[in-house]
Every structure is written in structure tokens, then in C-alpha cells.
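# Chains, contacts and geometry: an overview
One-letter residues, chain by chain:
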Amino acid sequence: MSDENNNGAAAPDAQAGVRLQVLTQYIRDLSFENAVAQKGLPAGDVQPEISVQVSLDARKRPTEHQYEVISKFRVQSTNAGDKAPLFLCELDYGGIFHVEGVPEDQLHPFLMIECPRMLFPFVRRIVSDMTRDGGFPPFNMDPIDFVALYRQEIARRMQAERPADQPLS
């Protein structure tokens, strides 16, 4: 069975020519600070609050069709009662990808969504191991919606570029 458009020509399959390959992945930077070990337990009950901040960066490499994608995670835990820090884990995790067949106008979202999505299980494992090895229960990050994260970043950039006297709509 063949897909054809109205003039009888074969319809292009957008996904048929896309090639994505992870060439390598690596820890670029890793830091874990255990404030409890340094300063002792906070007074009273400890009720940890954990916040996760994520930022992404992608750049073309000198080799044709190769891109480096860096996911930066900042996982911070504080005590809910007195906001005393418990731990801080910072991880920059990178991957080198071979990407072909993605139209130029779709390349940026592809790199900022699909590539971090492929790296995320490894990041999750590293953060879990670091928190456990740091003396805390393992922290298993919830899955991240990289599409929503990308859209938020685009909206933030558009807002930053908008002149201050221009209305929102």
C-alpha cells in the first residue's frame, strides 16, 4: 500500500529520513553538598522540600550532523519548617548526537526536546545514586515534560524581546 497525495506523487514521510544516534554521553560537571553533614540536623522535625531546576543548551559541533546537548539539573532540598538547606546536587550531563534528516526549522526543538529525553533516564539514575550516597533517601526525579519546558523557554525569550511599552496581545 502506497501513500499518495492528490496529484498521484508519493507523499513524503517526515519521519522516514530522520536519523538520530547517541554517539556518547558523559558527566560534564557534578557537585553534591550535604549541608546536614556540615552543619548538623536542623532543630525540630525535618520535612524536606525538594525543588528541581532544569536548563538546556545545544550547539553544533565541527563534524557534520553532530550536536552537543547539555542538560543542567539543580536539585535542592530544604527543610519545610525553617528553610534550612539539607542538600544541593548540581549535574551537567551531556550527549553528542548524530542527527540527520531533520528540517532546519525543526532542528532546534528536536535537539532541545528529543535529545534530553533520551539522556533523562541516565540523569535520573545519577541524581538518585548521588542523593543515596550522600546519606539521604534516593531521590527519583519525576519524568520531565521537555516539550512544555521548551515552550516555556520560547515564551520567556519572546517576553524578554518585547519592548516594555508594547502590550501583551
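Note: the structure precedes this text.
If you're wondering where the values come from, they're calculated on a predicted model, not measured in any experiment. (Residues numbered from 1 in each chain as written. Predicted model: local features only at pLDDT ≥ 70, side-chain atom pairs only at ≥ 80, totals over all residues. Heavy atoms only, no water.)

Let us now look at the overall build of the chain. Each helix and strand counted, the chain has 3 helices and 4 strands in total. Scanning the chain from its N terminus toward the C terminus, one meets helices and strands in the order β-α-β-β-β-α-α. Burial analysis of the chain (169 residues in total) assigns 30% to the buried set. Split by element, the accessible area of the chain, about 11000 Å² in all, is 50% carbon and sulfur. (Helix = DSSP H or I, 4+ residues; strand = E, 2+ residues; numbered from the N terminus. Buried < 20%, exposed > 50% of the residue type's maximum accessible area, 1.4 Å probe, protein only. Areas by Shrake-Rupley, 256 points an atom, 1.4 Å probe, with all protein chains shown as cover.)

On to the side chain of Ser77, then. Within the fold, Ser77 resides in strand E3 (residues 66-79). Exposure remark for Ser77: the relative accessible area of 1% places this residue in the buried category. Aside from chain neighbours lying at most four places away, what touches Ser77 is Pro48, Glu49, Ile50, Ala84, Pro85, Leu86 and Phe87. (Contact = heavy atoms within 4.5 Å.)

Helix length check: helix H2 (residues 104-133) (30 residues) gives 43 Å between terminal C-alpha atoms against 44 Å at 1.5 Å per residue, within 8%. For H2, the principal kink sits at Phe110 and spans about 45 degrees. Once H2 finishes, Gly135 follows within two positions and takes phi at roughly 100 degrees, a positive value. (Expected span 1.5 Å × (residues − 1). Bend = angle between axes of the 7 residues up to and from the residue.)

So, on to the packing of H2 against helix H3 (residues 146-161). Contact geometry for H2 and H3: axes closest at 9 Å, N-to-C directions at 140 degrees. Considered as vectors, H2 and H3 are oriented oblique to each other. In the crossing of H2 with H3, the sense of the turn from one axis to the other is right-handed. The residues of H3 that touch H2, namely those facing His108, Pro109, Met112, Ile113, Pro116, Arg117 and Phe120, are Phe146, Val147, Tyr150 and Arg157. Of the residues that constitute the contact of H2 with H3, the class distribution is 8 nonpolar, 1 polar and 2 charged. (Axes fitted to C-alpha atoms, helices over the stretch in contact; angles between N-to-C directions. Parallel < 35°, antiparallel > 145°, perpendicular 65-115°, else oblique. Left-handed = near helix turned anticlockwise from the far one by under 90°. Nonpolar A, V, L, I, M, F, W, Y, C, P; charged D, E, K, R; others polar.)

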